[in-house]
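Summary of structural features
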Amino acid sequence: FNHTHGRLTNNDKHPGRNNGAMFVQEYAHGEDCDHEDVAESVVKGGNVVHGNVERSTTVRFSCGKRLELIDIKEDSTCHYIFDVTVPELCHHE
């Protein structure tokens, strides 16, 4: 994977995560995705190289009592979202 960009946001979509501060990192250009469901309809964000779909990941860091991986999901074919809590984000205003 190559890190493509990161951004700090204030997110109120996740109630109960204290101040709502969230840092989001995007990773693209992972291994080719050879999943049987891969089709042009799931191709997002230019992840097609030489006719293949590449895996990509979004990592969302939010406020939490300890550094912890709290959730992993595949929101579309070969795109993954990791939710991680980080105590240092609890102090961001």
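The preceding data block contains the structure.
Residues numbered from 1 in each chain as written. Predicted model: local features only at pLDDT ≥ 70, side-chain atom pairs only at ≥ 80, totals over all residues. Heavy atoms only, no water.

**Comments concerning the overall build of the protein**
Note the cut-off: By the criteria applied, helices consist of DSSP H or I runs no shorter than four residues and strands consist of E runs no shorter than two, each listed in order from the N terminus. Exposure is judged per residue with a 1.4 Å probe applied to protein chains only, and the accessible area is read against the type maximum: over 50% gives exposed, under 20% gives buried, and values in between give partly exposed. By the convention used here, residues are in contact when the closest approach between their heavy atoms is within 4.5 Å. Accessibility throughout is a Shrake-Rupley quantity obtained with a 1.4 Å probe, and a residue counts as covered only by protein chains that appear here.
Looking only at helices and strands, one finds zero helices and eight strands in the protein. Reading the helices (α) and strands (β) of the protein from amino to carboxyl end gives β-β-β-β-β-β-β-β. For the protein, the proportion of its 93 residues judged to be buried stands at 38%. Within the protein, residue pairs in contact and separated by at least 24 positions form 48% of the contacts whose partners lie at least 6 positions apart. With the model as given, the accessible surface of the protein reaches about 6,200 Å², and the carbon-plus-sulfur share is 49%.

**Quick notes on the state of the cysteines**
Filter applied, for reference: Working definition: a disulfide is two cysteine sulfur atoms within 2.5 Å of each other.
Under the criterion given, the structure shown has two disulfides. Put simply, Cys 33 and Cys 78 are joined by a disulfide, and their sulfur atoms are 1.4 Å apart. Residue Cys 33 is located in strand β3 (residues 32–33), and its partner Cys 78 is located in the loop between β7 (68–76) and β8 (79–86); the two are separated by 45 residues in the primary sequence. Judged by relative accessible area, which is 7%, Cys 33 ranks as buried. Using a relative accessible area of 2% as the deciding quantity, one classes Cys 78 as buried. A sulfur-sulfur distance of 1.9 Å marks the disulfide that ties Cys 63 to Cys 90.

**Side note on the environment of Asp 32**
By secondary structure assignment, the location of Asp 32 is in strand β3. Along the primary structure Asp 32 and Ser 56 are separated by 24 residues, whereas in three dimensions their C-alpha atoms are 9.8 Å apart. Apart from residues no more than four positions distant in its own chain, Asp 32 is found in contact with Asn 52, Val 53, Glu 54 and Arg 55.

**Concerning the pairing of β8**
As a reminder of what qualifies: For two strands to pair, DSSP has to find at least two bridges joining them.
Counting buried residues along β8, seven of its eight residues qualify, which places the element largely inside the surrounding structure. Looking at chain direction, strand β6 (residues 56–63) and β8 are connected through eight bridges and run parallel. Paired with Arg 60 across the two strands is Asp 83, which belongs to β8. The pairing of β7 with β8 spans seven bridges and is antiparallel.

**Some thoughts on the pattern of salt bridges**
Just so we agree on the cut-off: Put simply, a salt bridge is a Lys or Arg side-chain nitrogen that is within 4 Å of an Asp or Glu carboxyl oxygen.
Within the structure shown, the criterion is met by three salt bridges. Residue Asp 83 is joined to Arg 60 by a salt bridge in which the shortest nitrogen-to-oxygen separation is 2.6 Å. Of this pair, Asp 83 sits in strand β8 while Arg 60 sits in strand β6; the two residues are 23 residues apart in sequence, bridging distant segments of the chain. We classify Asp 83 as buried; its relative accessible area is 2%. On the basis of relative accessible area, Arg 60 is assigned to the buried category, the value being 16%. The residue Glu 68 makes a salt bridge to Arg 66 at a minimum N-O spacing of 3.5 Å.

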